[in-house]
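Listed below, chain by chain, are the residues.
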Amino acid sequence: RLPVNVRPLLGITKTLSAVSLARMLEGYAHLFAIDPLRRDYYGEQIATCLGRVEALRSRGYSGDCWGYEFDWEPRYSAIPIPAGVPNIVATGIVTNALFETSRLTGIEAPLDSCVSAADFVLRDLERTVASDGGFCWGYFPRDRQLVLNATMKGARLCAQVFSRTGDPELSDAARAAVSFVADHQRADGAWPYSVGDARSWVDNFHTGYLLECLDAYERDTKDESFRTVRTKGWRYYRESFLTREYVPKYFDCRIEPIDATACAQTISTLCTFGDVLGASRVALWVTAKMQRRDGGFVYQRHAHYTNRIPYMRWSIAPMFCALARLHYAINGSPHAEKQTSEK
């Protein structure tokens, strides 16, 4: 929360982040798909990211999985979580980048890792089961927090792997998780961050994560039974997280802080739902107001000050990925054109 980077003074060294690498990987894959003249360069970057992501896998679990590179203390966990303990969010972000890389480049190895990671989600994570059979995966092994966007990342992974393997266990698990999340959508179309604790806020990028996962679930399983849920959620997102000037809001109830992750996710979510023009207007605002002279992006703009620390995890990598996705959508993505016509 400090606007001054004190880490060098405290002797905190820089480390590689699997999540940051995944965002860069996904961005390079989109650029690879639309720029044949530079495919050798993008191919080298993709290979580097793939190698580093593979090296950061957590060991000793049922399948490929990833965690954070530092010890962390979840707000609703009794004990600190050591570095490297895998969780569904990091694993979901990494595997989505791997799946998209395979789809956009034709490289098969990343898909093999997704298949393996589905075993981690199915075998190593706790489930909180509702009376109707829907369930929510825990955030990490032996955890039972009910974090909706997190469980949707597991559903997306299962749906993606199902689209390639046809394994019904994957589609059944994905549908049950989506059913749980659908049951906790508010009447206005919004979702709280979590269920069963005080984290009932509604924010931009976690809602965007959830919507993108829901869209991927429908696309990869061909199950349209949650179409009304998706439409309500998308309408709420579009109406609640953008000002008339196309400034991304952090919460549905206020604008500030203007946050780089929320900016990136807004661009990405608008592209997913076919609003490429809106995504372009957001990108123009963000590059004018949030980009640093060195090409990176500031972390947050508050009412009376700006946090200019260039966080790779929270600003630079997400914005690189989002701008690459927008570039892909503008330059003839068949999926984007299909989304526009449908939505």
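Residues numbered from 1 in each chain as written. Predicted model: local features only at pLDDT ≥ 70, side-chain atom pairs only at ≥ 80, totals over all residues. Heavy atoms only, no water.

### Brief notes about the side chain of Asn204
Take Asn204: it is sitting in helix H8 (residues 204-221). Separated by 2.8 Å, the side chain of Asn204 and the backbone oxygen of Lys249 make a polar contact. (Helix = DSSP H or I, 4+ residues; strand = E, 2+ residues; numbered from the N terminus. Polar contact = N/O pair within 3.5 Å; in protein donor to acceptor, adjacent residues only side chain to side chain.)

### Comments concerning the layout of surface pockets
Rolling a probe over the atoms, with the probe sized like a water molecule, indicates the empty space that remains. Taken as a whole, the second largest pocket spans an internal volume of roughly 540 Å³. What lines the second largest pocket is a set of 34 residues, and nearest its centre among them are Glu26, Glu100, Glu212, Thr272 and Arg325. The set of elements that each furnish at least two residues to the lining of the second largest pocket consists of helix H2 (18-34), helix H4 (88-105), helix H6 (148-165), H8, helix H10 (260-272), helix H12 (312-330) and helix H13 (334-342). When grouped by side-chain class, the residues that make up the lining of the second largest pocket number 12 nonpolar, 10 polar and 12 charged. (1 Å grid on protein atoms, 1.4 Å probe; cavity = no way out; pocket = protein on both sides within 12 Å on 5 of 7 lines; lining within 4 Å. Points joined across faces, edges and corners; volume = space filled by probe spheres on them. Nonpolar A, V, L, I, M, F, W, Y, C, P; charged D, E, K, R; others polar.)

### Remarks on helix H7 (residues 168-183)
An ideal rise of 1.5 Å per residue puts 22 Å on 16 residues; H7 measures up with 22 Å between its terminal C-alpha atoms. When H7 is considered as a whole, its buried residues turn out to be Leu170, Ser171, Ala173, Ala174, Ala176, Ala177, Val178, Ser179, Phe180, Val181 and Ala182. (Expected span 1.5 Å × (residues − 1). Buried < 20%, exposed > 50% of the residue type's maximum accessible area, 1.4 Å probe, protein only.)

### Description of the sheet that holds strand S7 (residues 306-307)
Sheet architecture is open: 3 strands sit in the order S5-S6-S7, paired in antiparallel fashion. Each end of this open sheet is capped by a strand with a single partner; those strands are strand S5 (258-259) and S7. Sheet topology note: the strand S6 (residues 300-301)/S7 ladder contains 2 bridges and is antiparallel. Residue pairing across strands places Arg301 opposite Thr306, the latter belonging to S7. (Pairing = 2+ DSSP bridges.)

### Regarding the environment of Leu170
Structurally, the position occupied by Leu170 is in helix H7. The buried category is assigned to Leu170, whose relative accessible area is 4%. Here the alpha-carbon distance between Leu170 and Asp119, two residues 51 residues apart in the chain, equals 9.5 Å. Ignoring sequence-local partners within four residues, the contact set of Leu170 consists of Ala118, Leu122, Cys158, Val161, Phe162 and Thr165. (Contact = heavy atoms within 4.5 Å.)

### Side note on unusual backbone geometry
The omega torsion across Glu256 and Pro257 is 0 degrees, close enough to zero to call that bond cis. In this fold, Pro257 is placed in the loop between helix H9 (227-240) and S5. With a phi close to 65 degrees, Lys222 is a non-glycine residue in the positive phi region. Inspection of the secondary structure puts Lys222 in the loop between H8 and H9. Residue Tyr246 is not a glycine yet carries a positive backbone phi of 65 degrees. Following the sequence through the fold, Tyr246 ends up in the loop between H9 and S5. Here Tyr246 falls in the buried class, since its relative accessible area comes to 15%.

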